[in-house]
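A look at the structure
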Amino acid sequence: AVYLAFEIIAAMVLIPWETLPSEMTKDFNQRTKLSTCRMFLSASGTFLATFIPGLLIGYFGENSAHAYLINGVIFAVLFMVCVFISWKVTWERELTPEMLSRLEKNTRPQTAGEKLAAFGRLFKEYGSTLKIRAFRKHLAIYLLSFTGKDVYNTVFVFFCVYCLNVSSSLAGTLLSMSIVGLPVTLIAGIGIIRYGPSKLYVFAYSLMLLCLGGFFAVYQIPALNTVATLVILA
């Protein structure tokens, strides 16, 4: 129940959080800068989500409940602080006369039939977005990327412990190497403005596949299984 409640609350926050730049400005460069800032904070969270538990588990031991409780409290507080800051400093674009007239039109009470028809139109409008080829491509990139990232983060510790025969604390340390995402996110934001996203996609995915190939090589060739090799790949 607690897990499901957290997922629901996280989704309620993350969906508007990811779409805020589009609500705040129509300018591509400004939107890219806002998204870069958002991704910088996300990269910071990814790093902390592996670094802090590693420290706590290392201090209290792998079988201690205290480590997980303290970890939960730390991230609950961080989450609340970030939500408060976002609420305080973000804005929405100025309402145009067309938007105001649409809002006024929608304020009158609706009958049950109108509500049902509006609900049906909602799904039809969602479906219409799939007619846009660029949207379909970006949706696939987004969903596959995040699914791949989540799967990687989930199975990596198991891979390290059961396939590479290294400790879970080392696996946590390797995951915390995601701190490299902080400077890279800032550089990528500049790169998107200067070179466009397609070149960055090619570079990023090529590097990811190369690193995954490196981990496979470490698994196949025991002589490569050294801390230095794993840190470089991570």
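Please read all numbers here as calculations on a predicted model, not as lab measurements. Residues take numbers from 1 onward in each chain, read along the sequence in its written order. Residue-level local features of this predicted model are given only where pLDDT is at least 70; pairs of side-chain atoms are given and counted only at 80 or more, and the full residue set underlies all totals for whole chains, interfaces and linings. The basis for the side-chain values is all heavy atoms of the structure; hydrogens and waters are excluded.

A few words now on the overall build of the chain. Helix and strand definitions here come from DSSP, where helices need a minimum of 4 consecutive H or I residues and strands a minimum of 2 consecutive E residues; each element is numbered from the N-terminal end. Within the chain, the secondary structure is distributed over ten helices and zero strands. Reading the secondary structure of the chain in the N-to-C direction produces α-α-α-α-α-α-α-α-α-α. Over its C-alpha atoms the chain spans a radius of gyration of 22 Å, topping by over 25% the 17 Å that the globule rule assigns to 234 residues. Overall size of the chain, expressed as C-alpha extent along the three principal axes, is 70 × 45 × 35 Å. Counting over 234 residues, the chain shows a buried share of 17%. We call two residues in contact when some of their heavy atoms are within 4.5 Å. If you take every contact in the chain between residues at least 6 apart in sequence, the share linking residues at least 24 apart comes to 56%. Carbon and sulfur atoms make up 72% of the accessible area of the chain, which amounts to about 17300 Å² in all. Note that His is not counted, nor are the chain ends; the positive residues are Lys and Arg, and the negative ones are Asp and Glu. Charge positions are represented by NZ for Lys, CZ for Arg, CG for Asp and CD for Glu. The positive charge centre, built from 19 side chains, and the negative charge centre, built from 12, are 8 Å apart in the chain. The reference for a compact globule is 2.2 Å times residues^0.38; the radius of gyration itself is calculated from the C-alpha atoms. A 1.4 Å probe rolled over the protein chains alone gives each residue an accessible area, and that area as a share of the maximum for its type sets the label: buried under 20%, exposed over 50%, partly exposed in between. Using a 1.4 Å probe, accessible areas were evaluated by the Shrake-Rupley method; residue-level cover was limited to the displayed protein chains.

Here the phi dihedral of Asn165 falls at roughly 60°; this positive angle occurs in a residue that is not glycine. Following the sequence through the fold, Asn165 ends up in the loop between helix 6 (133-163) and helix 7 (168-175). Taking the relative accessible area as the measure of exposure, Asn165 reaches 64% and is therefore exposed.

A separate point is the nonpolar core. Each nonpolar core is a collection of buried residues, namely Ala, Val, Leu, Ile, Met, Phe, Trp, Tyr and Cys, held together in the definition by side-chain atoms within 4.5 Å. Among the nonpolar cores identified, the biggest contains twelve residues, and these are Phe156, Cys160, Leu164, Val166, Leu170, Ala171, Leu174, Leu175, Phe215, Val218, Leu230 and Leu233. When residues of this core are traced back to their parent elements, those giving at least two are helix 6, helix 7, helix 9 (197-220) and helix 10 (227-233). Among the elements that make up this core, the one with the highest residue count is helix 7 (four residues). With sequence-adjacent residues up to four places away left out, Leu164 is seen in contact with Phe159, Val218, Tyr219, Asn225 and Leu230.

A packed helix pair is summarised by two numbers, namely the angle formed by the two axes and the spacing between the axes. Interaxial distance between helix 2 (residues 28-60) and helix 8 (residues 181-195) falls to 9 Å at its minimum, and their mutual angle equals 165°. Here helix 2 lies roughly antiparallel to helix 8, going by the angle between them. Every pair of crossing elements has a handedness; the one defined by helix 2 and helix 8 is right-handed. Along its contact with helix 2, which presents Phe28, Asn29, Thr32, Lys33, Thr36, Met39, Phe40, Ala43 and Ser44, the element helix 8 presents Gly181, Leu182, Thr185, Leu186, Gly189, Ile192 and Ile193. All residues other than Ala, Val, Leu, Ile, Met, Phe, Trp, Tyr, Cys, Pro, Asp, Glu, Lys and Arg, Gly among them, are scored as polar; the first ten of these are nonpolar and the last four charged. Here the contact of helix 2 with helix 8 is composed, by residue class, of eight nonpolar, seven polar and one charged. Here an angle of 0 to 180 degrees is reported between the N-to-C directions of two axes, which are lines fitted to C-alpha atoms, with helices fitted over the stretch in contact. Every angle not falling under 35 degrees, over 145, or within 65 to 115 is termed oblique; those three ranges are roughly parallel, roughly antiparallel and roughly perpendicular. The crossing is said to be left-handed when, going from far helix to near helix, the turn is anticlockwise and less than a right angle, and right-handed when the turn is clockwise.

Turning our eyes to something else, we now look at helix 2. When the terminal C-alpha atoms of helix 2 are compared, their 47 Å separation across 33 residues agrees well with the 48 Å that a helix rising 1.5 Å per residue should span. Residues of helix 2 that are buried include every one of Thr32, Thr36, Arg38, Ala43, Ser44, Phe47, Thr50, Ile52, Pro53 and Leu56, and no others. Against helix 1 (2-24), helix 3 (65-89), helix 7 and helix 8 lie the buried residues of helix 2. Polar contact criterion, stated in full: a pair of N or O atoms within 3.5 Å, where within protein one must be able to donate a hydrogen and the other to accept it, and residues adjacent in sequence count only if both atoms are side-chain atoms. N-capping of helix 2 is provided by Asp27, with a side-chain oxygen placed 3.3 Å from the backbone N of Asn29. Expected helix span is given by 1.5 Å per residue-to-residue step, counting one fewer step than there are residues.

Taken together, the buried positions of helix 7 are occupied by Leu170, Ala171, Gly172, Leu174 and Leu175. Buried residues along helix 7 sit against helix 2, helix 6 and helix 10.

With that out of the way, let us pick up the environment of Leu164. Along the chain, Leu164 turns up in the loop between helix 6 and helix 7. Residues Leu164 and Ile232 lie 68 residues apart in sequence; the distance between their C-alpha atoms is 15 Å.

Okay, the packing of aromatic side chains next. Note on aromatic pairs: each is described by the distance of the centres and the angle between the planes. Each Phe, Tyr or Trp ring (for Trp, its six-membered ring) is paired with any other whose centre lies within 6.5 Å, and the angle between the two planes then decides the class: stacked below 30 degrees, edge-to-face above 60, tilted in between. In the structure shown here, the tally under the stated rule is 13 aromatic pairs. For the pair Phe6 and Phe79, a centre-to-centre distance of 6.3 Å together with 50° between the ring planes defines the contact as tilted. Placement of the pair is Phe6 in helix 1 and Phe79 in helix 3, with a sequence separation of 73 residues. Aromatic ring contacts, followed pair by pair, group Tyr152, Phe156, Phe159, Phe215 and Tyr219 into a single cluster.

A cluster of nonpolar side chains, namely Leu69, Val73, Val77, Met80, Val81, Phe84, Ile85, Trp87 and Val89, defines an oily patch on the protein surface of about 930 Å² accessible area. Summarising the element assignment, Met80 is placed in helix 3. Nonpolar side chains (Val, Leu, Ile, Met, Phe, Trp, Tyr) within 5 Å and like charges within 9 Å form the patches, drawn only from residues with over 30% relative accessible area and no salt bridge. Any carboxyl oxygen of Asp or Glu that lies within 4 Å of a side-chain nitrogen of Lys or Arg is treated as forming a salt bridge with it.

Attention now moves to the packing of helix 2 against helix 3. Orientation of helix 2 relative to helix 3, taken along the N-to-C sense of each, is 150°, at an axis distance of 9 Å. In terms of orientation, helix 2 and helix 3 fall into the roughly antiparallel class. Classified by chirality, the crossing of helix 3 by helix 2 is right-handed. Facing helix 2, whose interface residues are Leu48, Ala49, Ile52, Pro53, Leu56, Ile57 and Phe60, helix 3 presents His66, Ala67, Tyr68, Ile70, Asn71, Ile74, Phe75 and Leu78. A per-class count over the contact of helix 2 with helix 3 returns 13 nonpolar, two polar and no charged.

These results come straight from atomic positions and should not be treated as a statement about function.
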